[in-house]
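Letter by letter, the chains look like this.
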Amino acid sequence: MTSFIAQKEEQELLRFSTAGSVDDGKSTLIGRLLYDAKSLLDDQLSALEAKARVDGDQPDWALLTDGLKAEREQGITIDVAYRFFATPKRKFIIADTPGHEQYTRNMATGASTADLAIVLIDARHGVRTQSKRHAFIAALLGTPQLVVAVNKMDLVDYDQSVFEAIRRDFDHFVQQLGIRAPQYIPISALLGDNVVDHSESMSWYEGPSLLHFLESTPVGINRNLKELRFPVQYVSRPNQNFRGYSGQILSGIVRKGDEILVHPNQQRTTVESIVTYDGELEEAFAPMSVTLTLADELDISRGDMLVTPRHEAGVARDIEAIVVWMDHVPLQVNGTYTLKHTTRKTRALVEAIRYKVDVEEASQVEGQALALNEIGCLKLTTMQPLFFDAYQDNRKTGSFILIDEQTNLTVAAGMILKADQGGSDTLLANPVSAAERALYFNQKPLTLWLTGRVGAGQLAVAQAVERALFERGGYAYRLDQSAPRGLFRLAEDAALLNKAGLAAVVVDDFWQNPSREAARAQVGADAWFEVHLEASLGWAEANDESGFYEHVRGQRDHVDRAQQYQRTTATDADLTLNVEQLDVPELVASILAALETRGFLGRLRDEPA
Amino acid sequence: MLETIAPAQEQAPPFRLLTAKNQAPSRTLPDRYRLSHLRQLEAESIHIIREVVSEFEKPVMLYSVGKDSSVLVRLAQKAFFPGRVPFPLLHIDTGYKYQEMYSFRDQFTKENDLDLRVYTNQPAVKDGTNPYDLGTAACCGQLKTKALLDGLAAGGYDAAFGGARRDEEKSRAKERIYSFRDRFGQWDPKNQRPELWSLFNGHIREGESIRVFPLSNWTEIDIWQYIELENIPIVPLYFAQEREVIDAGGTLIPVDNFPFRDRLRGPIKTVKTRFRSLGCSPCTGAIRSEATTVGEIIKEMFQVRTSERANRVIDHASDDAMERKKREGYF
């Protein structure tokens, strides 16, 4: 009994993804694998058969695999689902991904952790664009092994020439991509041919059945045991005498006494012990989660990386990467995002789209925008350096995600190609760009133009906004009339502050001209935000501390002006707020909310210590 | 022979997959550097637990006293050894758990130096909420879902670990490891964040939270094998023993301390039974079994042909019962 259990505990794990269209028979194939591997249970089967009786048809395997109510109603699969089965030889985790056009992001998600991908092709239809796309994305995400299952062979009379034609077509496509040749298997998922057992109807096929291949293909073949990559995930200090660095070994092997190098401070030390709950280890290897203690007390924190000195990781702030865009809001060139890479988070600026990838044609195309489910090559600059390897060498240290700073959504999956040429080395020679300033200040240049009648309280609001921006880590400077300035001069100064990457908060009660078009043109529409503080003349006059109204009324000549002023309200404000109804904190909150909506303000959220 | 001639005007250059290896690896892994599936799952779960503790301010572990909770606790101990588990355990108590569960809970948490908090929807308990008068759905809604949401809010927790697994139920198959919840604790299955590699996005706003499922990729068998391998203590109810049960239409309900004994119709028998999953006594049945050790349970598992939660009354009320409960905030 014990040996039986022990043997089961020593099983290997293979993760694979499946992709196929509604009609390719993917659900049938998965249902068949689960059924034949006896992973379907009586109550699941009886639920299935009960449904089949009602519909008077064969069991509908999709009922097993379509988990969400919305999907069952619409008859589609909308999300990656994970399924599990085991044979005496191996345990399997399937990432079952929907094959619709709009779900590139799901296929990428499923492929990101897979050792193998099964691409289904309907024998009747031959190689279609959809199948190429599935193979392309699986390969793009670095899935080491592709299996092309040519399904529904029963519907083409198990004809070898149909299979061979598909193999030829697909091989041609794969060669273009420059990836390893896939394994081709002719099957009938419905009837079980070549799924588990060799098909008697296809004696011409001499290769393995699908399950046999899944059970025997080497696993962990892309596991890298050469270069140690150990990102520090958690600094463990349970008491004064213990200081350990916890994390998961992403690649390589670490032994007690090994010399290691710490990125980013480039100090060297040796591994004193490898601590685990089950006792100290002499050596540990990927993908184990361990805690290391080091011989020297160095300043090491979460996000740092311990590596083999002989094989350092790449260190760069400028990288070139392929990204799959996953959000409904398209990529913003010159936009900033939070980038998460290993255990490190930093801000990243998208400097440019180098090219886009046309998945249908498997080719590079020009493009200046990246929308949902599109793939492109980006140049990125990060605020802190990344410690990385090229994705093709190391999936764990070559991958990252981008997070939108406003919505907190994961908007992209990235695969690092290389450090960008002309990056850090020549950095000194390059002038600091506006984009770099934006990244550093965590804000877009902004001119907040506060206008309104004399006495509407612009100065008080401006001071409060300036402070509020300052408190949340922003860099703002207030421009008012403490020195006499004209409208145009204020706009010029604001534009200069904006050029330096700062926010200008401008107090304006020049009342002759209801339009601020000239100032807006000087500052530039991208940075301009005009708020009109609205107050009735009576209220403004009552609250005016400057003596302006008294002065105007005292001068007969200026009666006309006072009348003119009575009509004046800003005609082109982005936001109008009534100061009679709101107090200063409310006004400030409204203004900040509007700025956030417009994307002027980043969200600063420091990691908890 | 007619060969296809390449067109004179080539289209865009074919895209070389620079992210993919173009050659087969030269050799396979040496045996000593292979990691069994259980150790791989263990390493992955520890990574998840540490990541949450590093990125969130106030995590908590939902503790249900069941076998998955026992495994989860062991993984947390491994993640922070030689330190203590750096977050509290929260037990949402309906008051209807078996006596063995309460005694196990108290002893287990004490012996393992765990910070246990218990939360109960007291007003509902005072009102005498029970599945017989309200129905299982409404009872769970009050004593489990509402208690859970209130308990999390009362503690101000921004991340809550749970022991749910993707193999348990089909709506769970699509749940993320980091499962985002809005300010009302609700799950929106159509709007989940994509989760790639092992890079988790823990960005939330004030008042929002995540549920974290470190056992997502484990199966029921994996749990039992791990319990065996690690010698993890579990509630004795999981082991077969002679129990006095009411055979209520095929569901075997132990009558010892059973609060609704007079409401059940059916013959009382003495049968050797055990529990495959533990819940509230009115809604969890026992199964006939001879398995008295973890090894025997595993052996039985390889023969058993019903899914784990089939003895839970709450799940099969309707086809999408679990999904609905999850949307409302249930685990």
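Computed from a predicted model, the values in this text were never measured in an experiment.

Caption draft 1: Spotlight on the overall build of chain B. Each helix and strand counted, chain B has nine helices and 10 strands in total. Classification of the 331 residues of chain B by burial places 59% in the buried group.

Caption draft 2: Structural detail: the overall build of chain A. On a plain count of helices and strands, chain A comes out with 17 helices and 27 strands. For chain A, the residues scored as buried account for 57% of the 609 residues in total. The long-range share in chain A, meaning contacts at least 24 apart out of those at least 6 apart in sequence, stands at 72%. For chain A, the computed accessible surface area is about 25,600 Å², with 48% contributed by carbon and sulfur atoms.

Caption draft 3: Structural context of the side chain of Arg 302 of chain A. Note that Arg 302 of chain A resides in the loop between β14 (289-294) and β15 (305-307). One polar contact links the side chain of Arg 302 of chain A to the main-chain carbonyl oxygen of Gln 233 of chain A, over a distance of 3.0 Å. Reaching out from Arg 302 of chain A, the side chain makes a polar contact with the side chain of Glu 51 of chain B at a distance of 2.8 Å.

Caption draft 4: Fine view of the packing of helix α1 (residues 37-55) of chain B against helix α2 (residues 67-80) of chain B. Residues and elements named next belong to chain B. Across the interface, α1 lies against α2 with an axial gap of 9 Å and an inter-helix angle of 70 degrees. Judged by the angle between their axes, α1 and α2 are roughly perpendicular. Here Arg 39, Glu 42, Ser 45, Ile 46, Ile 49, Arg 50 and Val 53 of α1 lie close against α2, whose contacting residues are Leu 72, Leu 75, Ala 76, Lys 78, Ala 79 and Phe 80. Grouping the constituent residues of the contact of α1 with α2 by class yields eight nonpolar, one polar and four charged.

Caption draft 5: Here's a closer look at the state of the cysteines. All names here are of chain B. Inspection of the entire model under this criterion finds zero disulfides over all chains. Cysteine Cys 140 is unpaired, with the sulfur of Cys 139 as its nearest cysteine sulfur at 6.1 Å. The exposure class of Cys 140 is buried, given its relative accessible area of 9%. The thiol of Cys 283 is unpaired, and the distance to the nearest cysteine sulfur, on Cys 140, comes to 6.1 Å. When its relative accessible area of 12% is taken as the criterion, Cys 283 is described as buried.

Caption draft 6: View of unusual backbone geometry. Omega for the bond connecting Ala 286 of chain A with Pro 287 of chain A falls within 30 degrees of zero, at 5 degrees, which places this linkage in the cis form. With respect to the secondary-structure elements, Pro 287 of chain A resides in the loop between β13 (283-285) and β14. Residue Pro 82 of chain B follows Phe 81 of chain B across a cis peptide bond; omega there is 5 degrees. Its identity as a non-glycine residue notwithstanding, Gln 266 of chain A has a phi of 65 degrees, on the positive side. Position of Gln 266 of chain A among the secondary structure elements: in the loop between β11 (259-263) and β12 (267-275). For Gln 266 of chain A, a relative accessible area of 36% corresponds to the partly exposed category. Phi at Asp 113 of chain B takes a positive value of approximately 55 degrees, unusual for a residue other than glycine. Following the sequence through the fold, Asp 113 of chain B ends up in the loop between α3 (99-111) and β3 (116-119).

Caption draft 7: A look at the confidence of the model for chain B. In this model, chain B carries an average pLDDT of 84, and 84% of its residues clear a pLDDT of 70 or more. For chain B, the element scoring lowest by mean pLDDT is helix α9 (residues 321-328) of chain B, at 61; strand β1 (residues 59-62) of chain B scores highest, at 98.

Caption draft 8: Broad picture of α1 of chain B. Under the 1.5 Å per step criterion, the end-to-end length of α1 of chain B is 27 Å for 19 residues, consistent within 8% with the ideal 27 Å. Burial of α1 of chain B is extensive: 17 of the 19 residues sit out of reach of the surface.

Caption draft 9: Main features of the environment of Leu 417 of chain A. Examined against the element boundaries, Leu 417 of chain A turns out to sit in strand β22 (residues 410-419). Remark: the alpha-carbon pair of Leu 417 of chain A and Ala 390 of chain A, spanning 27 residues in sequence, is separated by 5.1 Å. In contact with Leu 417 of chain A, not counting residues within four places along its chain, are Glu 320, Ala 321, Ile 322, Tyr 355, Cys 377 and Ala 390 of chain A together with Leu 18 and Thr 19 of chain B.

Caption draft 10: Highlighting the sheet that holds β1 of chain B. Residue and element names in this part refer to chain B. Here we have six strands laid out as an open sheet, ordered β3-β2-β1-β4-β6-β5, and mixed in their pairing. With partners counted over all chains shown, the strands left at the sheet margins are β3 and β5 (178-181), one partner each. Here the average twist between neighbouring strands, direction ignored, is 30 degrees. Summarising the sheet, strand β4 (residues 159-161) and strand β6 (residues 209-212) pair through three bridges and their orientation is parallel. By the bridge assignment, Ala 160 is partnered in β6 with Arg 211. Across the sheet, α3 is in contact with β2 (89-92) and β3; its angle to β3 comes to roughly 150 degrees.

Caption draft 11: Summary view of the sheet that holds strand β27 (residues 575-578) of chain A. All names here are of chain A. Across the sheet, five strands lie side by side as β24-β25-β23-β26-β27; this open sheet has parallel pairing. Only two strands of the sheet have a single partner each, and these edge strands are β24 (476-479) and β27. Neighbouring strand axes in the sheet, compared pairwise and without regard to direction, differ in orientation by 20 degrees on average. Pairing analysis gives four bridges linking β24 to strand β25 (residues 503-508), with the strands arranged parallel.

Caption draft 12: The nonpolar core, seen in detail. Counting residues in hydrophobic clusters, the biggest one holds 76 residues, and the most contacted among them are Phe 16, Phe 85, Ile 118, Phe 136, Leu 141, Phe 170 and Leu 214 of chain A. Those residues within four positions of Leu 141 of chain A in sequence are excluded, and the remaining contacts are Ala 108, Ala 111, Ser 112, Tyr 391, Arg 395 and Met 415 of chain A together with Trp 197 of chain B. With 61 residues, the next largest nonpolar core counts Val 80 of chain A together with Val 65, Tyr 98 and Val 212 of chain B among its residues.

Caption draft 13: Focus on the pairing of β25 of chain A. All names here are of chain A. Here β25 lies mainly inside the structure; six of its six residues are buried. Neither face of β25 is exposed, since Ala 503, Val 505 and Val 507 on one face and Ala 504, Val 506 and Asp 508 on the opposite face are all buried. Judged from the six bridges that link them, strand β23 (residues 446-452) and β25 form a sheet pairing that is parallel. Across the sheet, Thr 451 pairs through a bridge with Asp 508, a residue of β25.

Caption draft 14: The arrangement of the packing of aromatic side chains in detail. All names here are of chain B. For the coordinates displayed, the defined rule picks out 23 aromatic pairs over all chains. Considering the side-chain rings of Phe 87 and Phe 161, the 5.1 Å spacing of their centres and the 35 degrees angle between planes classify their relative orientation as tilted. With a gap of 74 residues between them, Phe 87 in the loop between α2 and β2 and Phe 161 in strand β4 connect regions that are remote in the sequence. Look at Tyr 178 and Phe 200: their rings are 4.8 Å apart centre to centre, the planes differ by 15 degrees, and that puts the pair in the stacked class. With Tyr 178 in strand β5 and Phe 200 in the loop between β5 and β6, the pair connects residues that are 22 residues apart, well separated along the chain.

The rules we used
Residues numbered from 1 in each chain as written. Chains lettered and ligands numbered in written order. Predicted model: local features only at pLDDT ≥ 70, side-chain atom pairs only at ≥ 80, totals over all residues. Heavy atoms only, no water. Helix = DSSP H or I, 4+ residues; strand = E, 2+ residues; numbered from the N terminus. Buried < 20%, exposed > 50% of the residue type's maximum accessible area, 1.4 Å probe, protein only. Contact = heavy atoms within 4.5 Å. Areas by Shrake-Rupley, 256 points an atom, 1.4 Å probe, with all protein chains shown as cover. Polar contact = N/O pair within 3.5 Å; in protein donor to acceptor, adjacent residues only side chain to side chain. Axes fitted to C-alpha atoms, helices over the stretch in contact; angles between N-to-C directions. Parallel < 35°, antiparallel > 145°, perpendicular 65-115°, else oblique. Nonpolar A, V, L, I, M, F, W, Y, C, P; charged D, E, K, R; others polar. Disulfide = S-S within 2.5 Å. pLDDT = per-residue confidence, 0-100. Expected span 1.5 Å × (residues − 1). Pairing = 2+ DSSP bridges. Core = buried A, V, L, I, M, F, W, Y, C linked by side-chain atoms within 4.5 Å. Phe/Tyr/Trp six-rings, centres within 6.5 Å; stacked < 30°, edge-to-face > 60°.

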